[in-house]
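# Per-entry structural report
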Amino acid sequence: MSSTGTKLETPVSVESKTKLRALVLEDNPLDAALALRALDRDGFEVTADVVQDEAAFSKSLRANPPEVVLADYNLPNWKGMDALKVIRREGLDIPMILVSGALGDVTAVECIRQGATDYVLKDGLARLPEVIRRALREKTERGLRRRVEEDLALKIAELSRSNDDLEQFAYVASHDLQEPLRMVAAYTQLLAERYRGKLDENADKFIGYASEGAERMQVLIHDLLAFSRVGRKEVCESVDCNAVMKDVLQALAAAIQESGAAFSHEGLPAVWMDRTQVAQVFQNLIGNALKFRGKEPPVVSVQAEKADQLWQFCVSDNGIGIAPEYAENIFVVFQRLHGRSEYPGNGIGLAICKKIVEHNGGKIWVESQAGSGSSFKFTLPGRSRDERKEAQS
Ligand code: ADP
């Protein structure tokens, strides 16, 4: 006898048998013995506690956690399905199989819906071993899946932490580098002003290179800082893209005039974002459309259409285009398809657009062919996160 009930062990133990610890919730000792014999006949070596009520069940569950619970549906003082609640309360994942004299199909389906693993009728005990094997297999698979998911969650958390560290580093570095660089730029400029033509020809050239380098580095650091600032200190609000477009065109007025660009935008919507970020995306894309123009004056258009919960925008131009194999690369920091002497720039503009768009739950991509213009498409939210969640539920 066990402390919690009757201890039954199947009589013969053969090497090849699968050891199984079971907890049997059954008021009829003969039925319990029949179930265990069915298992013994089909390759199991079972050690089982047989109990009849909640107290004994809970005690055995804690003292000797089983691999499987076999529960009669009807008991004099308890219900088989209530055993499931105890198993859950203990935080255990143990398959529970109902072994019952009679169980209508509707009741059986309801029990499985509530969490019973399966059911076997007492006059069909030959099925029991296979049902248990399947339940154990599924439990192993569940465990594996859980471990993989936990592992993945851990890795994602690690990755996000190291990403945060990296972003913090980029931010601090670009921010703190500004000050000494300002000194270098200011003094090389002073050198140029005071000593141009007073030293030899080489000295003038060298001072020129130094000033140019310092200026380029200032632009680079300014852009890197803008890149690492995305997501910091933002104020999301409803932003009218038509108003943003007005500001952007004003900022790009000189380039528009110089290139003779034709520009159109129609009834753009409002988006729920930080205003500066919206402006930055449009300014970078339109600025590129002007910069990477072909022989003809640029024709640039901005359009928007609804795409589920988001707005899909398209900034298209008639410029030099991009070969499809570079369509993803160009969104990576410092990736450029041309030398600086052909087109000025440092390869951060599109990376900033991507970071802003993705930070706001959207996507950005380009549709283009070399030599035949580009269409930059991206999605932005029209409503706040909460409003979108509400609309979804
Ligand atoms: P930058 O403009 O400083 O080079 P970007 O990140 O904005 O950096 O762009 C990366 C590269 O993508 C550009 O160097 C250019 O080769 C390509 N590109 C971007 N916009 C366009 C465009 N509208 N038409 C053709 N090529 C483009």
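Criteria and thresholds
- Residues numbered from 1 in each chain as written.
- Predicted model: local features only at pLDDT ≥ 70, side-chain atom pairs only at ≥ 80, totals over all residues.
- Heavy atoms only, no water.
- Helix = DSSP H or I, 4+ residues; strand = E, 2+ residues; numbered from the N terminus.
- Rg over C-alpha atoms; globule rule 2.2 N^0.38 Å.
- Buried < 20%, exposed > 50% of the residue type's maximum accessible area, 1.4 Å probe, protein only.
- Contact = heavy atoms within 4.5 Å.
- Near = heavy atom within 4 Å.
- Polar contact = N/O pair within 3.5 Å; in protein donor to acceptor, adjacent residues only side chain to side chain.
- Areas by Shrake-Rupley, 256 points an atom, 1.4 Å probe, with all protein chains shown as cover.
- Nonpolar A, V, L, I, M, F, W, Y, C, P; charged D, E, K, R; others polar.
- 1 Å grid on protein atoms, 1.4 Å probe; cavity = no way out; pocket = protein on both sides within 12 Å on 5 of 7 lines; lining within 4 Å.
- Points joined across faces, edges and corners; volume = space filled by probe spheres on them.
- Salt bridge = Lys/Arg side-chain N within 4 Å of Asp/Glu carboxyl O.
- Axes fitted to C-alpha atoms, helices over the stretch in contact; angles between N-to-C directions.
- Parallel < 35°, antiparallel > 145°, perpendicular 65-115°, else oblique.
- Left-handed = near helix turned anticlockwise from the far one by under 90°.
- Pairing = 2+ DSSP bridges.

### Observations concerning the overall build of the protein
A count of helices and strands for the protein gives eleven helices and 13 strands. For 393 residues, the compact-globule formula gives about 21 Å, and the C-alpha radius of gyration of the protein, at 36 Å, lies well above that figure. Burial status across the protein gives 38% buried among its 393 residues. Considering only intrachain contacts with a sequence separation of at least 6, the fraction spanning at least 24 residues in the protein is 73%.

### Comments concerning the site of the ligand
Taken together, 21 residues sit near the ligand, with Asn288, Lys291, Arg336, Gly347 and Leu350 positioned nearest. A distance of 2.9 Å is found between an oxygen atom of the ligand and a side-chain nitrogen or oxygen belonging to lysine 291. Aspartate 317 is positioned with one of its side-chain polar atoms (N or O) 2.9 Å from a nitrogen atom of the ligand. When the ligand sits alone it has 530 Å² of accessible area, and the protein chains cover 98% of it. With three residues, helix H9 (residues 275–291) is the single largest residue contributor to the shell around the ligand. In terms of residue class, the shell around the ligand is built from nine nonpolar, nine polar and three charged.

### Re the layout of surface pockets
Space inside the second largest pocket adds up to approximately 150 Å³. Taken together, Leu84, Ile87, Arg88, Leu92, Asp93, Ile94, Pro95, Met96, Gly115, Thr117, Glu138 and Arg142 form the lining of the second largest pocket. Secondary-structure elements contributing two or more residues to the lining of the second largest pocket are helix H3 (82–89) and helix H5 (128–195). Among the elements that make up the lining of the second largest pocket, the one with the highest residue count is H3 (three residues). Among the residues making up the lining of the second largest pocket, the classes are represented as six nonpolar, two polar and four charged.

### Overview of the pattern of salt bridges
This model, assessed by the stated rule, comprises 23 salt bridges. With a shortest N-O distance of 2.4 Å, lysine 17 and aspartate 40 are connected by a salt bridge. Of the two residues, lysine 17 sits in the loop between strand E1 (6–9) and strand E2 (18–25) while aspartate 40 sits in helix H1 (residues 29–41), which places them 23 residues apart along the sequence. Residues lysine 17 and aspartate 40 agree in their burial class; the two are buried. Here aspartate 118 and arginine 127 are joined by a salt bridge, their closest N and O atoms 3.8 Å apart.

### Notes on the packing of H5 against helix H6 (residues 201–229)
The N-to-C vectors of H5 and H6 enclose an angle of 155°; their axes lie 8 Å apart at closest approach. When the interaxial angle is binned, H5 and H6 end up roughly antiparallel. For the element pair H5 and H6, the recorded crossing hand is left-handed. Along the lines of polarity and charge, the residues of the contact of H5 with H6 split into 16 nonpolar, seven polar and four charged.

### Description of the packing of helix H2 (residues 54–63) against H3
The N-to-C vectors of H2 and H3 enclose an angle of 35°; their axes lie 11 Å apart at closest approach. Handedness of the crossing formed by H2 with H3: right-handed. Where H2 abuts H3, its residues Glu54, Phe57, Ser58 and Leu61 lie against Ala83, Val86, Ile87 and Arg89. Broken down by class, the residue content of the contact of H2 with H3 amounts to five nonpolar, one polar and two charged.

### Re the sheet that holds strand E11 (residues 310–317)
In space, the five strands of this open sheet follow the order E8-E10-E11-E13-E12, with mixed pairing throughout. The open sheet has two edge strands with one neighbour each: strand E8 (262–265) and strand E12 (364–368). When the angles between neighbouring strand axes are averaged without regard to direction, this sheet yields 20°. Note: E11 against strand E13 (residues 374–381), eight bridges, orientation antiparallel. Along E13, the bridge assignment pairs glutamine 312 with threonine 379. Along the sheet, H9 contacts E8, strand E10 (299–307), E11 and E13; its crossing angle with E11, the most-contacted strand, is approximately 20°.

### Things to note about empty space enclosed by the protein
Tallied over the entire structure, the rule returns one cavity of 30 Å³ or more. In this structure, the largest cavity encloses a volume near 50 Å³. Along the wall of the largest cavity there are ten residues; nearest its centre are Ala22, Asp49, Ser60, Asn64 and Pro66. Listing elements by their share of the lining of the largest cavity, those giving two or more residues are E2 and strand E3 (44–51).

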